[in-house]
Amino acid sequence: MAYLPAPETGISPPPAPAPAPPRKRSLPRWLPMAGASVVVGVAALVMLGILGFNLGPTGLAVGLVAAILPVPVLIACYLWLDRYEPEPVRYLLFVFGWGAAVATLTAYGVNTAAADLVKLPEALVGVLVAPFIEELMKALGPLLVLWFRRDRISGITDGLVYCGLSGVGFAMVENVLYLGGHGFMSGYEQYGPASGTALVFGMFIARIFMSGFAHPLFTSMTGIGIGFAARTPSKAVRVLAPLPGLILAMMLHGAWNLMAILSGEVSPYIFLYGYIAVMVPVFLTMVGVALWVRAREGRLALTVLPPYVQAGWFTPPELASLGTLSRRHAARVWAKRVAGDPGRKAMRDFQFAATKLALVRDGLNRGLQIQQLQQLQDEELELLHRMAQARQVYTGRDPQMPNAQWDGQQYQIVFPDNVTRRVPAPPEPVVPLPVASWGG
């Protein structure tokens, strides 16, 4: 797949690897994910019935209200992480629903069967059975996205977002059970509503403020593996990459449960020491990894898109404005100043399309998805046209900017004497300074 030349210049950078023979699809593209979504809906109804039966209307209502309170904050954190190339809402809702419904229902059934039918000790269920089945099921939703919509996961950031949201959904429903049942109803039945409310408040502090990140953190380990799987051309690596992350997630989850059990049976300081010495450093490390991979997503545009500048599709300042979130924000502020809210929205669309283009080109350079070569060629052309259309909203609106064109090598600027002169691009592009390119 060659880079598309700009219409006026005809300049075209080197081609990508040659395509492999196309594969035949045995199922419609929409069918697997549609079937999985139906499973999520059915599991949600069943899980809601189980919670209502176990907790009663009052306990269910209290548990739902208390468990939902932290969810918008956690979701907002993952949406903030995904700002460079936001994922479609339907897939985010799918993995959240998978964690909240399918994963919780399966884990509830397996854990209950292990304790009541197999008669395993509660500690053994908590340390071995629960981490295994819960992490496996939380990861399965994002894995389905990887298997059937591989193009929707473009790297580690997407893996973290999908797995993290699955963990948030699981934690929410688990908190309904703990806060509504072990918290409110336990105190209410013995001592009345005041006692139940006090227990809910204390449990809310422990489960939400102190450990609300636990389930998303554990599953994020698998997300790193899923991100690696999405970016490798090797089929073997693609299959095996999620496994180390999944095993690490199970180990961390088991260690967390073991600390909680020993804290209740031996000393409460065990959990406190483990929390400070192990979980907090792991959490901070994952935050650092997430920020690093997100920043790399921005730098990817600076690495992959220069050939499009040489072909005339981008100007040097436009490319430079994609490098960091602060530069992107500055570009949106500029676009709003010169073209109002439509300009700000157009700049945002331009940036999202450019980021997607960088990911598509990087995947082709790495030998990914070569089987869908024609599809990706069409996607590349569509993204370039989307950027050109967005550029028309704000280009030429700034009275302080000269009338200029970028031909892939130099600017052609109309000076005040109405003479057009060719001017080389400065070593450090002024950001933001979008001027019309031949590709636009």
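Everything quoted here is computed from the prediction, not taken from an experiment. (Residues numbered from 1 in each chain as written. Predicted model: local features only at pLDDT ≥ 70, side-chain atom pairs only at ≥ 80, totals over all residues. Heavy atoms only, no water.)

K.L.:
Got a minute to help me understand the pairing of strand E1 (residues 403-406) in this structure?
P.N.:
In summary, the side chains of a regular strand alternate between the two faces of the sheet. Only one face of E1 is buried: it carries Ala404 and Trp406, and the other face, with Asn403 and Gln405, is open. Count of turn residues in the E1/strand E2 (residues 410-414) antiparallel hairpin: 3 residues, of which Gly408 carries a positive phi of about 100°. (Buried < 20%, exposed > 50% of the residue type's maximum accessible area, 1.4 Å probe, protein only. Helix = DSSP H or I, 4+ residues; strand = E, 2+ residues; numbered from the N terminus. Pairing = 2+ DSSP bridges.)

K.L.:
Sorry, what's going on with the packing of aromatic side chains here?
P.N.:
This structure, assessed with the given rule, holds 13 aromatic pairs. Grouped by ring-pair contacts, the aromatic residues Phe213, Phe218, Trp256, Phe271, Tyr275 and Phe283 constitute a single cluster. (Phe/Tyr/Trp six-rings, centres within 6.5 Å; stacked < 30°, edge-to-face > 60°.)

K.L.:
Can you walk me through the environment of Val40 in this structure?
P.N.:
Its place among the elements puts Val40 in helix H1 (residues 31-68). Note: C-alpha distance between Val40 and Phe94 (54 residues apart in sequence) is 7.8 Å. Contact partners of Val40, with chain neighbours within four places excluded, come to Phe94, Gly97, Trp98, Ala101 and Val102. (Contact = heavy atoms within 4.5 Å.)

K.L.:
What exactly am I supposed to notice about helix H10 (residues 268-304) here?
P.N.:
Because each turn of an α-helix spans 3.6 residues, side chains separated by three or four positions end up pointing in the same direction. Taking 1.5 Å of rise per residue, 37 residues should cover 54 Å, and H10 covers 52 Å from first to last C-alpha, within 8% of that figure. At Tyr275, H10 shows its strongest bend, of approximately 40°. (Expected span 1.5 Å × (residues − 1). Bend = angle between axes of the 7 residues up to and from the residue.)

K.L.:
Please clarify how the packing of helix H7 (residues 214-230) against helix H9 (residues 242-265) should be interpreted in this entry.
P.N.:
Relative orientation and spacing of two packed helices are given, respectively, by the angle between their axes and the distance between those axes. At their nearest, the axes of H7 and H9 sit 7 Å apart, and the two run at 170° to each other. When the axis of H7 is compared with that of H9, the two are roughly antiparallel. Two secondary-structure elements touch here, H7 through Ala214, His215, Phe218, Met221, Thr222, Gly225, Ile226 and Ala229 and H9 through Pro242, Gly245, Leu246, Leu248, Ala249, Leu252, His253 and Trp256. For the contact of H7 with H9, the residue count by class is 11 nonpolar, 5 polar and no charged. (Axes fitted to C-alpha atoms, helices over the stretch in contact; angles between N-to-C directions. Parallel < 35°, antiparallel > 145°, perpendicular 65-115°, else oblique. Nonpolar A, V, L, I, M, F, W, Y, C, P; charged D, E, K, R; others polar.)

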